[in-house]
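# Tertiary structure, described
Residue-level listing of the chains:
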Amino acid sequence: MLLCRGDFYFLRTHSLIALFSPLLPQRFPLFLVPFAFSPNGRFLASGSDDQTIRLWDVRDDTCQKVLQGHTSRVCSVHFSPIDFSLPSASDALLVSSSQDETIKLWNPTTGECLKTLRAKRLYEGMNIQGATGLTVAQKSTLKALGAIEH
């Protein structure tokens, strides 16, 4: 769906909103916002560059909760179908992914992060304390891949 508001165009796909301006020379969007509607259609979850997820009540356009826990940009948000394992048995789980390389499962009613998933990195847990022959750049790369130094 393409909407025009003044000098800006909003392009909506099934899970992203993009903002474009024909006045600017670049052909890429000014920003992208990942979003998802809850199964009952009452709430909208939006991800952000500020590392948060916001839950909006679509009836009155108010932010109901701000979920914090990611340490980098939120790339996607999705609601699961109804989860009968939750105490209320009427809430869906909210799932988010981030550039911090994690996937988080949230209870959207309480805002609680129920679980954080992270893929094991190539050198996860390898202790490089006292390793010789490594440059600073090589140590930094190993740490980015999960190595530890202590």
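Residues numbered from 1 in each chain as written. Predicted model: local features only at pLDDT ≥ 70, side-chain atom pairs only at ≥ 80, totals over all residues. Heavy atoms only, no water.

For the rest of this paragraph, the subject is the packing of aromatic side chains. A complete count under the given rule lists one aromatic pair for this structure. Taken together, a centroid distance of 5.9 Å and an interplanar angle of 85° make the contact between Phe-35 and Phe-37 edge-to-face. (Phe/Tyr/Trp six-rings, centres within 6.5 Å; stacked < 30°, edge-to-face > 60°.)

We now examine unusual backbone geometry. Both trends apply: most residues other than glycine have a negative phi, and most peptide bonds are in trans. Here the phi dihedral of Gln-51 falls at roughly 75°; this positive angle occurs in a residue that is not glycine. Summarising the element assignment, Gln-51 is placed in the loop between strand 5 (43–47) and strand 6 (52–57). The exposure class of Gln-51 is partly exposed, given its relative accessible area of 33%. (Helix = DSSP H or I, 4+ residues; strand = E, 2+ residues; numbered from the N terminus. Buried < 20%, exposed > 50% of the residue type's maximum accessible area, 1.4 Å probe, protein only.)

Here the focus is the pairing of strand 11 (residues 112–118). Note that strand 10 (residues 102–107) and strand 11 share six bridges and pair antiparallel. Each residue of the ladder has a partner; that of Ile-103, found in strand 11, is Leu-117. In sequence, strand 10 turns back onto strand 11 through a hairpin of four residues, with Gly-111 there showing a positive phi of about 80°. (Pairing = 2+ DSSP bridges.)

Two side chains with opposite charge may pair up if their charged atoms get near one another. Summed over all chains, the structure comprises seven salt bridges. Its salt-bridge partner being Asp-57, residue Arg-59 comes within 3.1 Å of it at the nearest N-O pair. Between Lys-143 and Glu-149 there is a salt bridge, and its shortest N-O distance comes to 2.8 Å. Classification of Lys-143 as partly exposed rests on a relative accessible area of 39%. A relative accessible area of 31% places Glu-149 in the partly exposed class. Three or more residues are tied together by salt bridges with common partners; here these are Arg-42, Asp-57 and Arg-59. (Salt bridge = Lys/Arg side-chain N within 4 Å of Asp/Glu carboxyl O.)

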